[in-house]
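Residue-level structure breakdown
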Amino acid sequence: MNIMTIAPLALLSLLAVVLSAHGYAYDFFYFVQQWPGSYCDTSSGCCYPSYGKPPSDFDIHGLWPNYNNGSYPSNCDPNNPFDLSKIQDLVTSLRPNWASLACPSSDSTSFWQHEWEKHGTCSETILDEHSYFQDALNLKSMTNLLSCLKSANISPNGGSYTLTSIKNAISACIGHVPWIECNKDASGRYQLYQVYICVDHSGTTLIDCPVFPTGACGSSIIFPTF
């Protein structure tokens, strides 16, 4: 087969896998946590899970395999679909820590399914489904973002804080610089939405980020209540 006949996106994905520095199908993870108050405080709003309002704490969005060049694999194995029975022992922990706020209201299972099938399957050479979700829960406990921020007098009280102070507070706490994603509230003001922390390919050890995502935040951002 002439290599030029391969679809461009497929070719890029193939090259990224072949060139991965460690010989794995990815180089590192973004561990992404979101502030539920910012998810809900938009023009679109949110819906609490069917089992009730989640805690006023950062919520797991996902554990996403990435390449050092900034690209990422996705939907890597359609033959390894999400199986709730494999993580049944984790459901009690997942519900408050990895809750779906999307509408319509759900029991969050479809959210977990999406994250495993889009992202988790791309790390299956290292993490099986149970290990993938367990590692994410462990990372949330390890990082404890809300405690990090509160220790620097940064609280979800609807006040405005500098982006630099938020980054510095988290860096001082976990030993690595995070990337902060903002969204906009119903009034168009930037607010603290998601925190990206980099993790090695094993899914257990925090590392300095090889590359950061891109996006806009104001120099001063709102930390809304929830």
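Residues numbered from 1 in each chain as written. Predicted model: local features only at pLDDT ≥ 70, side-chain atom pairs only at ≥ 80, totals over all residues. Heavy atoms only, no water.

Our next topic: the UniProt feature "active site" (unreviewed entry) in the protein. Taken from the UniProt record, the annotation "active site" (unreviewed entry) applies to His-61, Glu-115 and His-119. Across 59 residues in sequence, these annotated residues keep their C-alpha atoms within 11.2 Å of one another, forming a single compact spot. By the secondary structure assignment, His-61 is in strand β2 (residues 59–66). Setting aside residues up to four positions removed in sequence, His-61 forms contacts with Val-32, Gln-33, Gln-34, Trp-98, Phe-111, Glu-115 and Gln-194. Structurally, Glu-115 can be placed in helix α4 (residues 109–118). Setting aside residues no more than four positions away along its own chain, Glu-115 makes contact with His-61, Gly-62, Trp-64, Trp-98, Gly-120 and Tyr-132. (UniProt positions renumbered as here; feature names shortened; annotations may be inferred. Helix = DSSP H or I, 4+ residues; strand = E, 2+ residues; numbered from the N terminus. Contact = heavy atoms within 4.5 Å.)

What follows deals with the pattern of salt bridges. Opposite charge on two side chains allows them to pair when their charged atoms are near. In total, this model carries 2 salt bridges according to the counting rule given. The closest approach of N and O atoms between Asp-57 and Lys-140, which form a salt bridge, is 3.1 Å. Residue Asp-57 is located in the loop between α2 (36–40) and β2, and its partner Lys-140 is located in helix α5 (residues 129–143); the two are separated by 83 residues in the primary sequence. Of the charged contacts in the structure, one is a salt bridge between Asp-185 and Arg-189, with a shortest N-O distance of 2.8 Å. (Salt bridge = Lys/Arg side-chain N within 4 Å of Asp/Glu carboxyl O.)

Contact geometry of α4 with α5 gives a least axis separation of 11 Å together with a crossing angle of 110°. Between α4 and α5, the crossing angle belongs to the class labelled roughly perpendicular. For α4 against α5, the interelement crossing comes out right-handed. Here α4 contributes Trp-112, Glu-115 and Trp-116 to the contact with α5, which in turn contributes Glu-129, Tyr-132 and Phe-133. The residue makeup of the contact of α4 with α5, split by class, is 4 nonpolar, no polar and 2 charged. (Axes fitted to C-alpha atoms, helices over the stretch in contact; angles between N-to-C directions. Parallel < 35°, antiparallel > 145°, perpendicular 65-115°, else oblique. Left-handed = near helix turned anticlockwise from the far one by under 90°. Nonpolar A, V, L, I, M, F, W, Y, C, P; charged D, E, K, R; others polar.)

Here we take up the environment of Ser-71. Its place among the elements puts Ser-71 in the loop between β2 and α3 (91–97). On the basis of relative accessible area, Ser-71 is assigned to the partly exposed category, the value being 30%. Considered as a pair, Ser-71 and Pro-213 are 142 residues apart in the sequence and their alpha carbons are 9.6 Å apart. Side-chain polar atoms of Ser-71 contact the side chain of Asn-69, separated by 2.6 Å. (Buried < 20%, exposed > 50% of the residue type's maximum accessible area, 1.4 Å probe, protein only. Polar contact = N/O pair within 3.5 Å; in protein donor to acceptor, adjacent residues only side chain to side chain.)

Of note, the bond from Cys-103 into Pro-104 is cis; its omega dihedral lies within 30 degrees of zero at 0°. Turning to its location among the elements, Pro-104 is positioned in the loop between α3 and α4. Of note, Asn-75 is a non-glycine position whose phi angle comes to about 50°, a positive value. Here Asn-75 lies in the loop between β2 and α3.

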